[in-house]
Amino acid sequence: MDCIFCKIVEGTLPSTKVYESDTVVAFQDIKPEAPVHILIIPKKHIATMNDVTAVDDTIMAELFTAARQIAIELGIAESGYRLINNVNSDGGQLVYHLHFHLLGGEKLGALNAK
């Protein structure tokens, strides 16, 4: 599989990790769109949110737990942050490995939804 996020999980591509457990890893986005821009991914390859099954419930719970913990550790939990998951091409997904963007560190503008 030629998945960039799987390569980060394997350690064959470098990243600046901010969180890691047995099932989840989080790292700084290389093209940040806010002062804090972290990508939170499951270590298991799941292509999109549409591919999540009941078997993945524990992984999904840990993704959200990681997001809360990272926001606290980075000092943005109280001021606020945004957690985004893009699904497929019309949703803006570029890397087909389930991931959440954790954005914060400034007042975020309204989402550009049509």
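Remember, predicted model here, so these are calculated numbers, not experimental data.

### Let's talk about the sheet that holds strand S1 (residues 17–20)
Logical step 1: Taken together, the five strands give an open sheet; going across it, the order is S1-S2-S3-S5-S4, and neighbouring strands pair in antiparallel fashion. At either end of the open sheet lies a strand with only one pairing partner, and these are S1 and strand S4 (81–84). Sheet twist, expressed as the average angle between the axes of neighbouring strands with direction ignored, equals 15°.
Logical step 2: Judged from the four bridges that link them, S4 and strand S5 (residues 100–104) form a sheet pairing that is antiparallel. Bridge pairing links Arg82 to Leu103 in S5.
Logical step 3: Running at roughly 155° to strand S3 (residues 36–42), helix H2 (residues 57–73) makes contact with S1, strand S2 (24–28), S3, S4 and S5 of the sheet.

### Structural notes on the layout of surface pockets
Logical step 1: Reported here for the largest pocket is a volume of approximately 630 Å³.
Logical step 2: The wall of the largest pocket is formed by 24 residues, among which Phe5, Asp29, His37, Leu39 and His101 lie closest to the centre.
Logical step 3: Mapped by element, the contributors of at least two residues to the lining of the largest pocket are helix H1 (4–10), S2, S3 and S5.
Logical step 4: Tallying contributions element by element places H1 first for the lining of the largest pocket, with three residues.
Logical step 5: Partitioning the lining of the largest pocket into residue classes produces twelve nonpolar, nine polar and three charged.

### As for the UniProt feature "active site" (unreviewed entry) in the protein
Logical step 1: UniProt's feature table lists "active site" (unreviewed entry) at His99, given in the numbering used throughout.
Logical step 2: The topology assignment puts His99 in the loop between S4 and S5.
Logical step 3: With near-sequence residues (within four places) excluded, His99 lies in contact with Phe5, Leu39, Ile40, Ile41, Ile84, Asn85 and Gln93.

### Digging into the side chain of Asp29
Logical step 1: Inspection of the secondary structure puts Asp29 in the loop between S2 and S3.
Logical step 2: Among the polar contacts listed, one links the side chain of Asp29 to the backbone nitrogen of Lys31, at a separation of 2.7 Å.
Logical step 3: The residues contacting Asp29, other than those within four sequence positions of it, are His37, Ile38, Leu39 and His101.

### Overview of the environment of Thr65
Logical step 1: Within the secondary structure, Thr65 sits in helix H2.
Logical step 2: The spatial distance from the C-alpha of Thr65 to the C-alpha of Asn86 is 19 Å, given a sequence separation of 21 residues.

### A word on the side chain of Gln93
Logical step 1: Looking at the secondary structure, you find Gln93 in the loop between S4 and S5.
Logical step 2: Within polar-contact distance, the side chain of Gln93 engages the backbone oxygen of Ala47 at 2.9 Å.
Logical step 3: Looking at Gln93, its side chain comes within polar contact range of the main-chain nitrogen of Asn88, at 2.8 Å.
Logical step 4: The residues touching Gln93, leaving out its near neighbours within four places in the chain, are Ala47, Thr48, Asn86, Val87, Asn88 and His99.

Scoring rules and cut-offs
- Residues numbered from 1 in each chain as written.
- Predicted model: local features only at pLDDT ≥ 70, side-chain atom pairs only at ≥ 80, totals over all residues.
- Heavy atoms only, no water.
- Pairing = 2+ DSSP bridges.
- Helix = DSSP H or I, 4+ residues; strand = E, 2+ residues; numbered from the N terminus.
- Axes fitted to C-alpha atoms, helices over the stretch in contact; angles between N-to-C directions.
- Contact = heavy atoms within 4.5 Å.
- 1 Å grid on protein atoms, 1.4 Å probe; cavity = no way out; pocket = protein on both sides within 12 Å on 5 of 7 lines; lining within 4 Å.
- Points joined across faces, edges and corners; volume = space filled by probe spheres on them.
- Nonpolar A, V, L, I, M, F, W, Y, C, P; charged D, E, K, R; others polar.
- UniProt positions renumbered as here; feature names shortened; annotations may be inferred.
- Polar contact = N/O pair within 3.5 Å; in protein donor to acceptor, adjacent residues only side chain to side chain.

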